[in-house]
Amino acid sequence: MAARNIVTFLLRQPTSAFGLIVLAILILAALFAPLITVHDPYVQNLNNVLQPPGNGHLFGTDELGRDIYSRLIWGARITLTIIFLVTIVVGPLGMIVGTVAGYFGGKVDTVMMRVTDIFLSFPSLILSLAFVAALGPSLNNAIIAIGLTAWPPIARLARAETMTFRNADYIAAARLQGASSLRIIVKSIMPMCLPSVVIRLTLNMATVILTAAGLGFLGLGAQPPLPEWGAMIATGRRYMIDSWWLVTFPGLSILCVSLAFNLLGDGLRDALDPKQMNRR
């Protein structure tokens, strides 16, 4: 299905259209952050601390007098960086493990799936905390930790897809023509698994964002003064009784982006599944 047709299908569904629009706004805000913000997100103004929304500050100011709107917009760049880096790690890693295990079966499948099961036996946030504690608190280490914990569901999905394809006629024909196992996996099986993997990655992004925000909230992710949304909530929680805007706007940002990925993932599942499209 062509990309243009997929976008058209997504825009016809209210829920997936909402997700697509929110993510488009996120990307545009990150790209044009210097143009749509008038305050430096790092500059402190101790004469203007904890100001409510208004008076030149759309979302108010924080405990150091920094503009919250500007910090949210620049924080969108951090969120997109996390999403991009986790995706390019999790997607290929999970697909390689899953397709190799599903194609070869036997001992290879057993070993790879037991390793996968070990990772799946721990909640993703707890396992991420363990990795970050070992690597040290920083944004880069948080991304590595999230990437190391988010691939097992992708591997499980790719394995299940591979097991349905490995006995197909076109795979048997490729073997008869002398194609190597590597070529069959890369050229014949991975493209068939790609739509399902893309859908699962999109649905997983909400979990990735929440995990990154959780690490930032605990002080193990992005470090001050980076305007990461979870870290903003962590610093603002001490003043939230009287200054509600410190946690409300970062929290709404996390909520909207996470919801957008979930809705977009549901829409992609329908767009890439002919049976679902025919039902509609």
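Just above, that's the structure.
None of the values given here were measured: they were computed from a predicted structure. (Residues numbered from 1 in each chain as written. Predicted model: local features only at pLDDT ≥ 70, side-chain atom pairs only at ≥ 80, totals over all residues. Heavy atoms only, no water.)

Within the structure shown, the criterion is met by 7 salt bridges. Note that Glu 63 and Arg 66 form a salt bridge whose closest N and O atoms lie 3.9 Å from each other. A single burial state applies to Glu 63 and to Arg 66, both of which are buried. Arg 156 is the salt-bridge partner of Asp 117, the closest N and O atoms lying 2.4 Å from each other. Here Asp 117, found in helix α5 (residues 106-120), pairs with Arg 156, found in helix α8 (residues 152-165); they are 39 residues apart in sequence, far enough to count as distant. Connected via shared salt-bridge partners are Asp 62, Glu 63, Arg 66 and Arg 71. (Salt bridge = Lys/Arg side-chain N within 4 Å of Asp/Glu carboxyl O. Buried < 20%, exposed > 50% of the residue type's maximum accessible area, 1.4 Å probe, protein only. Helix = DSSP H or I, 4+ residues; strand = E, 2+ residues; numbered from the N terminus.)

A separate point is the environment of Ala 172. Among the secondary structure elements, Ala 172 is positioned in helix α9 (residues 169-176). C-alpha of Ala 172 to C-alpha of Ile 184: the two residues are 12 residues apart in sequence and 9.8 Å apart in space.

All told, the structure shown has 6 aromatic pairs when counted by the stated rule. Ring plane angle 45° and centroid distance 5.9 Å describe the contact between Trp 244 and Phe 249, whose orientation is recorded as tilted. Members of the aromatic cluster, each reached through a chain of ring pairs, are Phe 59, Tyr 69, Trp 244, Trp 245 and Phe 249. (Phe/Tyr/Trp six-rings, centres within 6.5 Å; stacked < 30°, edge-to-face > 60°.)

Residues Leu 23, Ile 82, Val 86, Val 90, Trp 229, Val 257 and Phe 261 are the most contacted members of the largest nonpolar core, which totals 63 residues. A per-element tally of this core places helix α10 (residues 181-217) first, with 14 residues. In this view, Val 90 contacts Gly 147, Ala 150, Trp 151, Ile 154 and Leu 201; residues no more than four positions away in its chain are not counted. (Core = buried A, V, L, I, M, F, W, Y, C linked by side-chain atoms within 4.5 Å. Contact = heavy atoms within 4.5 Å.)

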